[in-house]
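Close look at the chain arrangement
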Amino acid sequence: MIENLSKKRMVFGISCLILLTIVVLIIESKWMKAGSRRQEFVIENNSTCWMRETYEVINDCHPCTAFEIASKSQGVCVHTHNKEVLKCISGEIVTRSCDRVAWLDERHYWSFQISLTIVGTLSAAISFLRQKTLNRRAMLRIQRELGA
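Here the structure is a predicted model, which means the values were calculated and not measured.

Here we come to the side chain of glutamate 68. Counting through the fold element by element, glutamate 68 comes out in helix α3 (residues 66-71). Within polar-contact distance, the side chain of glutamate 68 engages the side chain of lysine 83 at 2.8 Å. Among all residues touching glutamate 68, those that are not within four sequence positions of it are Ser73, Gln74, Cys77 and Lys83.

Right, here's the structure in full:
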């Protein structure tokens, strides 16, 4: 495995990984600049008072139900599958489409972090066990050579 690689091959492998990381970061930063604009879709024959008046958010951005998406009963659920309810200063209550659901993003973040922790712990345990096995093999080899 890795203990059989020469010093040149290790340096080459690490250099390739560093170069790959830099390329990925550059590509990702260009995509983020292009896709970072917040999109707002006005689908319904709904008032657009929130574009010209001040408004208060009654319900934060939350996912639409499966029925609303399938039946297209609310036009704001068609594209992003998320909606938020606003109350304009004129008293009108409006539903608009929104991009991201904060609590859903947070849940995805924490599940990703937990899975990375589990994978890291398993990798460390496997490395520890492999090192232990290699040490035992080396000791047995030394004992055989000394015994002979």
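What the rule picks out here adds up to three salt bridges. Between lysine 83 and glutamate 68 there is a salt bridge whose closest N-O contact spans 2.8 Å. In this pair, lysine 83 sits in strand β2 (residues 82-88) while glutamate 68 sits in helix α3, placing the two residues 15 residues apart along the sequence. Each member of the pair, lysine 83 together with glutamate 68, is buried. In this structure, the salt-bridge partner of arginine 96 is glutamate 84, at a minimum N-O distance of 2.6 Å. One end of the pair, arginine 96, is in strand β3 (residues 93-97); the other, glutamate 84, is in strand β2, and twelve residues separate them in sequence. Taking relative accessible area as the criterion, arginine 96 reaches 5% and is therefore assigned buried.

Glancing now at the pairing of β2. Judged by how many residues are buried, β2 sits mostly within the fold: six of seven residues are covered. Examined bridge by bridge, strand β1 (residues 55-63) and β2 share six bridges and lie antiparallel to one another. Residue tyrosine 55 lies in a different strand from β2, and its bridge partner there is cysteine 88. Pairing of β2 with β3 involves five bridges; the strand directions are antiparallel. In the sheet register, lysine 87 faces β3, and the bridge partner there is isoleucine 93. Hairpin connection of β2 to β3: four residues between the antiparallel strands, including glycine 91 at a positive phi of 100°.

Calculation notes
Residues numbered from 1 in each chain as written. Predicted model: local features only at pLDDT ≥ 70, side-chain atom pairs only at ≥ 80, totals over all residues. Heavy atoms only, no water. Helix = DSSP H or I, 4+ residues; strand = E, 2+ residues; numbered from the N terminus. Polar contact = N/O pair within 3.5 Å; in protein donor to acceptor, adjacent residues only side chain to side chain. Contact = heavy atoms within 4.5 Å. Salt bridge = Lys/Arg side-chain N within 4 Å of Asp/Glu carboxyl O. Buried < 20%, exposed > 50% of the residue type's maximum accessible area, 1.4 Å probe, protein only. Pairing = 2+ DSSP bridges.

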